[in-house]
Amino acid sequence: CALFAPHVMKLALRSSSLRARQLLRMQQDLQSRTFITGALYKLSQKAMPKMSETERVALGCGTVGFDRDIFSGSPSLDHLLKTYTPKLSEEEQSFLDNEVETLCRMIDDHQVTTDKDFSSEAWDYMRDSGFFAMKIPKEWGGKGFSTMAVSTVLAKLGTHSSDANATVAVPNSLGPGELLVRYGTDEQKGYFLPRLADGTLIPCFGLTGPQSGSDATSLIGSYGTVEERNGELGVRTTFRKRYITLAPVAGVVGVGFDLRDPNQLLKGQGAEGFTVALLERGHEGLRMGPRHMPLNCAFMNGTVEGDDVWVPMSSILGGQQRCGFGWHMFVECLAEGRGVSLPAGAVGGARTVASAVGAYCRLRKQFKVPIAEFGGIQEALARSGREGYAVIAGAELMNAIIDNHEAPMVLSSIMKQSCTERGRRVMQDGMDILGGA
């Protein structure tokens, strides 16, 4: 042992020296990689646009649910099925089987497209039967329906008339109704909600402008200044809105504008920034019209404008303390609009194409063979079926998540983009088949 001891010591020292050199080399490599990646990160920071206030607020609002499981890398299907169960109540199913079916029979989509409007009977039926009040609580005269029910109604209407789908969607998603329920003062709730529920007032929301759309908080051309007149505090506002669905027939509009308080009149009650005013048709200075016809569609769409319109603080949604809080209010309710209404329209379109185009392909023959037997047709139909099932599955999951009292901002954004894009692909395949066969 004594003879081998020096050799063992030399080997140990060599091994230790080798490990030291390896560690040093690893540290140098790490420093080199850190330097390179750090430089690339700084370069990408300069190339990437800065996050806007619109995006910052939107990402900070809402809740996180099943999407957390997805990004954890180990989502549980069992947890998903136990937590989220889309279903309709007996009352909701009855509405779908009766009122919705009746409205579909009343609407001749070809005539609606020709006249660019619904019949007066259809308008009255939608008002009287509560189609514009499905999300308003029962204590205010509304239906108090679940998100699943609203989505199912919109999808059904979408299979019969896309214009009916859009007309009913707005009051139950992006109209002021849900904002009033959550943030309105007691006086605002008591005045507006019963009138919205019985159809006396049809709502619309004025957000999009000639130069502001997705970047909603830019509010270019829509601004207001806090002033005091005859001892009353209010806002003198000017606004330019366009592409506002239901504006030509709406009785009340929620107008978004950028509030300024140069003289500090708010005194800590509210703040500058995105603010929403509730204005009834006929309000002095408010102009609603003329009508737009995007894609020559029949659903009502138009402008909302005003110059130096006086708005008392009692007409600010939520009162003076909600001045500057408009975007927070809006994005917290946005999941309902973009994550439910738009996917429901895609579901309706997918079901229409699957049934109508599928049946046509069995009836239409070329070379004495139904075109459904042709490989190219089968490929397009298979794509439509695949995308349709994905849209339906996504819509039902989103409905269940919202009915679970969650507000998934990220998922609702994904749903809006994904479902509308998938719906567009289904329509494209349907048009290709009908146009080329």
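Before reading further, recall that the structure is shown in the block above.
Nothing here was measured: the structure is a model prediction, and the numbers come from that model. (Residues numbered from 1 in each chain as written. Predicted model: local features only at pLDDT ≥ 70, side-chain atom pairs only at ≥ 80, totals over all residues. Heavy atoms only, no water.)

Explain the overall build of the chain to me, please; I cannot follow it from the model alone.
A tally of regular secondary structure across the chain gives 14 helices and 9 strands. The C-alpha radius of gyration of the chain comes to 29 Å, more than 25% above the 22 Å expected for a compact globule of 437 residues. Judged by the C-alpha coordinates and their principal axes, the chain covers about 110 × 80 × 40 Å. Residue burial in the chain is summarised as follows: out of 437 residues, 45% are buried. In the chain, once contacts between residues fewer than 6 apart in sequence are set aside, the share between residues at least 24 apart is 72%. Of the accessible surface of the chain, which amounts to about 22900 Å², a share of 55% is contributed by carbon and sulfur atoms. (Helix = DSSP H or I, 4+ residues; strand = E, 2+ residues; numbered from the N terminus. Rg over C-alpha atoms; globule rule 2.2 N^0.38 Å. Buried < 20%, exposed > 50% of the residue type's maximum accessible area, 1.4 Å probe, protein only. Contact = heavy atoms within 4.5 Å. Areas by Shrake-Rupley, 256 points an atom, 1.4 Å probe, with all protein chains shown as cover.)

Sorry, what's going on with the pattern of salt bridges here?
Think of it this way: side chains of opposite charge can pair up when their charged atoms draw near. As enumerated under the stated definition, the model contains 18 salt bridges in all. For the salt bridge of Asp308 with Arg236, the shortest nitrogen-to-oxygen distance reads 3.1 Å. One end of the pair, Asp308, is in strand β7 (residues 301–312); the other, Arg236, is in strand β3 (residues 232–245), with 72 residues separating them in the sequence. By relative accessible area, Arg236 is classed as partly exposed at 29%. The residue Arg287 makes a salt bridge to Glu305 at a minimum N-O spacing of 3.3 Å. Residue Arg287 is located in strand β6 (residues 286–292), and its partner Glu305 is located in strand β7; the two are separated by 18 residues in the primary sequence. Of the residues examined, Glu305 reaches a relative accessible area of 23% and is grouped as partly exposed. Among the ionic contacts, a cluster of salt bridges with common partners joins Arg386, Glu387, Glu421, Arg422, Arg424 and Arg425. (Salt bridge = Lys/Arg side-chain N within 4 Å of Asp/Glu carboxyl O.)

Sorry if this is basic, but what is going on with helix α11 (residues 186–197) here?
Since the α-helix advances by 3.6 residues per turn, residues separated by three or four positions end up pointing in the same direction. Along its 12 residues, α11 runs 16 Å from first to last C-alpha, staying within 8% of the 16 Å computed at 1.5 Å per residue. Where α11 is concerned, the buried positions are Gln188, Lys189, Phe192, Leu193, Leu196 and Ala197. Each buried residue of α11 sits inside an arc of 125 degrees when the element is viewed along its axis, so together they form one side. At the C-terminal side of α11, Gly199 shows a positive phi close to 85 degrees. (Expected span 1.5 Å × (residues − 1). Arc of directions from axis to C-beta.)

Mind showing me how you'd approach the environment of Gly318 here?
In this structure, Gly318 sits in the loop between β7 and α12 (326–363). By relative accessible area, Gly318 is classed as buried at 2%. Distance from Gly318 to Asn263, taken between C-alpha atoms, is 22 Å for residues 55 residues apart in sequence. Apart from residues lying up to four places away in sequence, Gly318 is in contact with Tyr183, Gly184, Thr185 and Gln188.

Looking at this model, I keep getting lost on a nonpolar patch on the surface. Mind explaining?
Taken together, the side chains of Ile36, Leu40 and Leu43 define a hydrophobic patch exposed on the protein surface, amounting to about 300 Å² of accessible area. By the element assignment, Leu43 lies in helix α1 (residues 5–47). (Patch = residues over 30% accessible without salt bridge, like charges linked within 9 Å, V, L, I, M, F, W, Y side chains within 5 Å.)

What's the story with helix α13 (residues 375–403) in this structure? I'm lost.
Along its 29 residues, α13 runs 42 Å from first to last C-alpha, staying within 8% of the 42 Å computed at 1.5 Å per residue. Just downstream of α13, His405 is the residue with a positive phi angle, here 65 degrees.

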